[in-house]
Amino acid sequence: DVYKRQIILCGCTKSQEQYSKKITNVVEQYNNGDISYDEASSELSAMYNNADSEMKTKIDEEQVLLDKLKESKDAFESAKNASNVNNYKLSIKSYADVIAEDTNYEKAQQAIVDDGNKYLEEVHKLGETYISEDKYAKAISAYKDSKDVYDDGSADTWIADTESQYLSLIHISEPTRPRLI
């Protein structure tokens, strides 16, 4: 009798394990692009109706992950679109919203670096334009603002160089005072 109960319990556990894998597999299929979000969500809902309380908890957890993955994949697509039109400020922000569980995560991390470098190149050109127009404060402001978007340390160097240039300019252009005799 005890032996039969163990077999039954093992059967239930194995069945629950298989059901749990099936639930996880639905989210993985969505993450890999094999099925749409709506298909994955519908499958989870259908499984929910036939699940015990333990499996319902598992399904709820996977639905939360599925929703986060959808937001992440939407952010990745938005970032790609922004990057394609050279809106690096937006692309960097959107790529940063891609979560580690997303199959696009590594690509997003690399794209942050790539688009970050392109963004800094634009900011540096803008700063140089301001400097050529003797608008040192605007150049410094642009460099400082860029650090909020992407900071690889370049802006600190540009700020220091611009401040140094400005101070040199002020020093050189100080009028010489006539001597009072």
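Residues numbered from 1 in each chain as written. Predicted model: local features only at pLDDT ≥ 70, side-chain atom pairs only at ≥ 80, totals over all residues. Heavy atoms only, no water.

Engineer: Give me the side chain of Asp-115: which residues, what numbers.
Structural biologist: With respect to the helices and strands, Asp-115 occurs in helix α5 (residues 105-132). Take Asp-115: its relative accessible area is 3%, and that puts it in the buried class. (Helix = DSSP H or I, 4+ residues; strand = E, 2+ residues; numbered from the N terminus. Buried < 20%, exposed > 50% of the residue type's maximum accessible area, 1.4 Å probe, protein only.)

Engineer: I'd like to hear about α5, residue by residue, with values.
Structural biologist: With 28 residues, α5 should cover 40 Å at 1.5 Å per step; its first-to-last C-alpha distance of 40 Å lies within 8% of that length. Residues of α5 that are buried: Ala-108, Ala-111, Ile-112, Asp-115, Gly-116, Tyr-119, Leu-120, Val-123, Gly-127 and Ile-131. At the exit of α5 stands Asp-134, carrying a positive phi of roughly 60°. (Expected span 1.5 Å × (residues − 1).)

Engineer: For the pattern of salt bridges, give the residues involved together with the corresponding values.
Structural biologist: Pairing is possible between side chains that carry opposite charge, provided their charged atoms lie close to one another. What the rule picks out here adds up to ten salt bridges. Glu-133 is the salt-bridge partner of Lys-135, the closest N and O atoms lying 3.4 Å from each other. Residue class for Glu-133 comes out partly exposed when judged on its relative accessible area of 43%. The salt bridge partner of Asp-156 is Lys-147, with a shortest N-O separation of 2.6 Å. (Salt bridge = Lys/Arg side-chain N within 4 Å of Asp/Glu carboxyl O.)

Engineer: How would you sum up the packing of α5 against helix α6 (residues 136-149)? Please name residues and give values.
Structural biologist: Where α5 contacts α6, the two axes come as close as 7 Å, and the packing angle between them is 170°. The pairing of α5 with α6 is recorded here as roughly antiparallel in orientation. The two elements α5 and α6 meet at a crossing, and its hand is right-handed. Between α5 and α6, the residues in contact are Tyr-119, Leu-120, Val-123, His-124, Leu-126, Gly-127, Glu-128, Tyr-130 and Ile-131 and Tyr-136, Lys-138, Ala-139, Ala-142, Tyr-143, Ser-146 and Val-149, respectively. (Axes fitted to C-alpha atoms, helices over the stretch in contact; angles between N-to-C directions. Parallel < 35°, antiparallel > 145°, perpendicular 65-115°, else oblique. Left-handed = near helix turned anticlockwise from the far one by under 90°. Contact = heavy atoms within 4.5 Å.)

Engineer: Please set out the packing of aromatic side chains residue by residue, giving values where relevant.
Structural biologist: With the rule as written, the count across this model stands at four aromatic pairs. Between Tyr-136 and Tyr-166, the ring centres sit 5.3 Å apart and the planes meet at 45°, which makes this aromatic pair tilted. With a gap of 30 residues between them, Tyr-136 in helix α6 and Tyr-166 in helix α7 (residues 154-173) connect regions that are remote in the sequence. For Tyr-136, a relative accessible area of 9% gives the class buried. For the ring pair Tyr-143 and Trp-158, a centre distance of 5.2 Å and an interplane angle of 50° mean the geometry is tilted. Highlighted residues: Tyr-143 in helix α6 and Trp-158 in helix α7, separated in sequence by 15 residues. Taking relative accessible area as the criterion, Tyr-143 reaches 1% and is therefore assigned buried. The class for Trp-158 is buried, based on a relative accessible area of 15%. A cation over an aromatic ring shows up here: Lys-70 above the ring of Tyr-37, its NZ or CZ 5.6 Å from the ring centre. (Phe/Tyr/Trp six-rings, centres within 6.5 Å; stacked < 30°, edge-to-face > 60°. Lys NZ or Arg CZ within 6 Å of the ring centre and 35° of its normal.)

Engineer: Which residues make up unusual backbone geometry, and what values do they have?
Structural biologist: The backbone of Asn-86 shows a phi angle near 60°, a positive value even though the residue is not glycine. Here Asn-86 lies in the loop between α3 (53-84) and α4 (88-96). Unlike most non-glycine residues, Asp-134 shows phi in positive territory, near 60°. Within the element layout of this structure, Asp-134 appears in the loop between α5 and α6. A relative accessible area of 55% means that Asp-134 is categorised as exposed.

Engineer: How would you summarise a nonpolar patch on the surface if you had to cite specific residues and measurements?
Structural biologist: Nonpolar side chains collect at one region of the surface, where Tyr-166, Leu-167, Leu-169 and Ile-170 lie side by side and expose about 360 Å² of accessible area between them. Secondary-structure assignment places Leu-167 in helix α7. According to the relative accessible area criterion, Leu-167 is exposed, its value standing at 56%. (Patch = residues over 30% accessible without salt bridge, like charges linked within 9 Å, V, L, I, M, F, W, Y side chains within 5 Å. Areas by Shrake-Rupley, 256 points an atom, 1.4 Å probe, with all protein chains shown as cover.)

Engineer: So what about the nonpolar core? Which residues, and what values?
Structural biologist: The biggest cluster of nonpolar side chains holds 22 residues, and the ones touching the most others in it are Ile-92, Tyr-95, Tyr-119, Tyr-143, Tyr-150 and Trp-158. Counting only elements with at least two residues in this core, the list comes to α3, α4, α5, α6 and α7. Not counting residues up to four positions away in its chain, the partners in contact with Tyr-150 are Ile-92, Ile-112, Val-113, Gly-116, Asn-117, Tyr-119 and Leu-120. In terms of nonpolar packing, the next biggest core, distinct from the first, is built from 14 residues, Tyr-19, Leu-44, Leu-66 and Leu-69 among them. (Core = buried A, V, L, I, M, F, W, Y, C linked by side-chain atoms within 4.5 Å.)

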